[in-house]
Protein chains: 2
Amino acid sequence: MFLDGQAQGPQDGLLEPLTRITARGWLVPIGGCMQSPEILTRFIDLCGGVDARIVVIPTASNEPDHRSYYERIFAPFQQRSLEVLPVATRADAADPTLLAHIAAASGVFFTGGNQLKLATVLGGTPMAELLRARFAAGMTIGGTSAGAAFLSDHMIAFGEEGKAPRTAMVTTVAGLGLTKRYIIDQHFRQRDRLGRLVTAIAYNPIMIGLGVDEDTAAFISPDEETIHVVGTGAVTVVDPAELDTSAILEALPGTHLELPGMVVHVVDAGSVYEFEERGAAAK
Amino acid sequence: MFLDGQAQGPQDGLLEPLTRITARGWLVPIGGCMQSPEILTRFIDLCGGVDARIVVIPTASNEPDHRSYYERIFAPFQQRSLEVLPVATRADAADPTLLAHIAAASGVFFTGGNQLKLATVLGGTPMAELLRARFAAGMTIGGTSAGAAFLSDHMIAFGEEGKAPRTAMVTTVAGLGLTKRYIIDQHFRQRDRLGRLVTAIAYNPIMIGLGVDEDTAAFISPDEETIHVVGTGAVTVVDPAELDTSAILEALPGTHLELPGMVVHVVDAGSVYEFEERGAAAK
């Protein structure tokens, strides 16, 4: 594994404006512990600014007090419409009244908690299908922590900490399926999760890993070609495009993995990762 | 879990002819230990009959003698063109000469072995991309045993035996990604794999499980709506559409899972499973 450690400093105020595109929506995984107002400002902007109709899905959490918490979080942004949907069961995820809110939304935000709760409650329901259809038609969808992990097709359900990839240190299951290209991890450097993200990719190097730090968001463009990093941390990009061999099949359980050619970029807030160039540039 | 045990007897000779459709290709997972000539007859027929240009990908296997074995297997069917491609490394899966064979093929067949070898050698390579593009354009793709497991988006990499679903009894990773609707298991009733297939679906009930018996093939139509079962065994369909709750998050490691509303159909060879009607009929 090759560590491309050239961290680039934040370039506050130099980010290109995020433009809206009519095809798919923007996808906005956030690494948890959101503090920077810039993250929600940009998210709401992509949802229509003051006219944004945001729906919060708090299913991942066990906290009873979502509504007032998320009303307080979104309050400073002068955006007029916010609904926190009570989706706790698979029956809720088929309730026409709740579905109508999503049909009318311009943006959806998943809270943190446990991503397996999102997968087991929403997976295969009419609500998941509607979310996928609205996203395909241009709606912005974001989420923090567990809500970020759930967004991708292959989702990291749980795993062990540590920098070194080892067999059996990570469990992946199906997620919401809004991106096949990227697999998302969160609380990334704070919880020392490089090993589990690299291991997830070693099983099938079809995906690019995005390890999103706390208080940091990866704004993934509708064509998936560029990722704007916003907040105070970085997004760690794990890229297997030049991987020579994935030795996960031969490795004994729990041993370290040899993965020659796996490339890791650390893309700091204020920079943009360009998929085609396989690199980051301050903009 | 509700077991719909109404097994239907084989109705040899009563299968509807499989017609070719110009959109996606037919997808043909086979459960291993292929004996019935009818399976390869129908597979080759979908690939163009005597004009079929079949490419065999033996990557899953460690056997050195693929070529003569598969030449012998395909010999009785009077089909004129067969290539067994030597794809053993990720570099092979980017080799233009080998890619040209796939570009010219009318059907591709994956041998058995270990499906993680397929995922680690082919995942994210130009060959995997080409296979996905050709399948989307109508090419027939099949595989037996490990080669069947690899076909779906979410692939069962390995797991434990037993009928009762338990937490942590199965590991799923990314597969080739030719179907998102179905997740495929193989050697199904012979190796007592109902538990691991149900558990894989319990993590995210977005997928329908197909447990394919030995000497049995599931011919999945290009629109994914019908599955023709051919051979001597059955396809066990695990359907979470009416699942009330997936308790996998609350269950302690290794304990049995409560999954009220999970439906299991056993669809015998000679019958056709209709997705829309969620049931099977002898045809």
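Refer to the structure presented above.
In this report, the structure presented in the accompanying data block is examined.

Rules behind the numbers
- Residues numbered from 1 in each chain as written.
- Chains lettered and ligands numbered in written order.
- Predicted model: local features only at pLDDT ≥ 70, side-chain atom pairs only at ≥ 80, totals over all residues.
- Heavy atoms only, no water.
- Helix = DSSP H or I, 4+ residues; strand = E, 2+ residues; numbered from the N terminus.
- Rg over C-alpha atoms; globule rule 2.2 N^0.38 Å.
- Contact = heavy atoms within 4.5 Å.
- Areas by Shrake-Rupley, 256 points an atom, 1.4 Å probe, with all protein chains shown as cover.
- Buried < 20%, exposed > 50% of the residue type's maximum accessible area, 1.4 Å probe, protein only.
- Pairing = 2+ DSSP bridges.
- Core = buried A, V, L, I, M, F, W, Y, C linked by side-chain atoms within 4.5 Å.
- Arc of directions from axis to C-beta.
- Salt bridge = Lys/Arg side-chain N within 4 Å of Asp/Glu carboxyl O.
- Polar contact = N/O pair within 3.5 Å; in protein donor to acceptor, adjacent residues only side chain to side chain.
- Least-squares fit on C-alpha atoms with pLDDT ≥ 70 in both.

### Points about the overall build of chain A
The helix and strand tally for chain A stands at seven helices and 16 strands. The C-alpha atoms of chain A give a radius of gyration of 18 Å, which matches the 19 Å a tight globule of 283 residues would have. Its C-alpha atoms put chain A at 50 × 45 × 30 Å along the principal axes. Across chain A, every contact between residues at least 6 apart in sequence was considered, and the portion connecting residues at least 24 apart equals 76%. When the accessible surface of chain A is totalled, it reaches about 10,500 Å², and 53% of it is carbon and sulfur.

### Observations concerning the pairing of strand 3 (residues 53-57) of chain A
The side chains of a regular strand alternate between both faces of the sheet. Residues and elements named next belong to chain A. Taking burial as the measure, the five residues of strand 3 include four buried ones, the bulk of the element. Relative to strand 5 (residues 107-110), strand 3 is paired through four bridges, and the arrangement is parallel. Following the sheet pairing, valine 55 is matched in strand 5 by valine 108.

### So, the nonpolar core
Counting residues in each nonpolar core, the largest one holds 69 residues, and the members touching the most others are Ile57, Val108, Phe110, Leu122, Met127, Leu131 and Ile141 of chain B. At seven residues, the largest contribution of residues to this core is made by helix 7 (residues 194-203) of chain A. Sequence-distant contacts of leucine 122 of chain B, that is, excluding residues within four places in its chain, are made with Ile57, Val87, Arg90, Ala93, Phe110, Lys117, Met127, Ala128 and Phe150 of chain B.

### Comments concerning the pairing of strand 8 (residues 170-174) of chain A
All names here are of chain A. Among the five residues that make up strand 8, four are buried, leaving the element largely enclosed by the rest of the structure. Relative to strand 8, strand 7 (residues 154-159) runs antiparallel, the two sharing five bridges. For phenylalanine 158, the partnering residue across the bridge sits in strand 8 and is threonine 171.

### Some points on helix 2 (residues 66-74) of chain B
Residues and elements named next belong to chain B. Looking at helix 2, one finds that the buried residues are His66, Tyr70 and Phe74. One face of helix 2 carries all of its buried residues, which in axial projection span an arc of 45°. Elements that come into contact with the buried residues of helix 2 comprise helix 1 (37-46), strand 3 (53-57), strand 4 (81-84), strand 5 (107-110) and strand 6 (140-144).

### So, the pattern of salt bridges
One pass over the full model with this rule turns up 24 salt bridges over all chains. Of the charged contacts, one joins glutamate 224 of chain A and arginine 24 of chain A as a salt bridge, the two residues approaching to 3.2 Å between their closest N and O atoms. Here glutamate 224 of chain A, found in the loop between strand 11 (216-220) and strand 12 (226-231), pairs with arginine 24 of chain A, found in the loop between strand 1 (2-4) and strand 2 (27-30); they are 200 residues apart in sequence, far enough to count as distant. One salt bridge in this structure joins arginine 80 of chain B and aspartate 51 of chain B, with 2.8 Å as the shortest N-O distance. Residue arginine 80 of chain B is located in the loop between helix 2 and strand 4, and its partner aspartate 51 of chain B is located in the loop between helix 1 and strand 3; the two are separated by 29 residues in the primary sequence. Residue arginine 80 of chain B is classed as exposed on the basis of its relative accessible area, which comes to 63%.

### Let's talk about the side chain of serine 246 of chain B
Note on placement: serine 246 of chain B falls in the loop between strand 13 (234-239) and strand 14 (263-268). A polar atom in the side chain of serine 246 of chain B sits 2.6 Å from the backbone oxygen of alanine 202 of chain B. Not counting the four nearest positions on each side in its chain, serine 246 of chain B is found in contact with Thr120 of chain A together with Ala202 and Leu259 of chain B.

### Details of the relation of the copies chain B and chain A
Once turned by 180° and shifted 0.0 Å along the axis, chain B lies on chain A with an RMSD of 0.0 Å. The transformation just described matches what one would write down for a two-fold rotation axis. When the interface residues of chain B are mapped onto chain A, 100% of them again lie at the interface, so the same face is used by both copies.

### Considering unusual backbone geometry
Residue and element names in this part refer to chain B. Positive phi outside glycine occurs at aspartate 192, with the angle close to 55°. Its place among the elements puts aspartate 192 in the loop between strand 9 (182-186) and helix 7 (194-203). On the basis of relative accessible area, aspartate 192 is assigned to the partly exposed category, the value being 24%. Of note in this structure, glutamate 224 is not a glycine but carries a positive phi near 65°.

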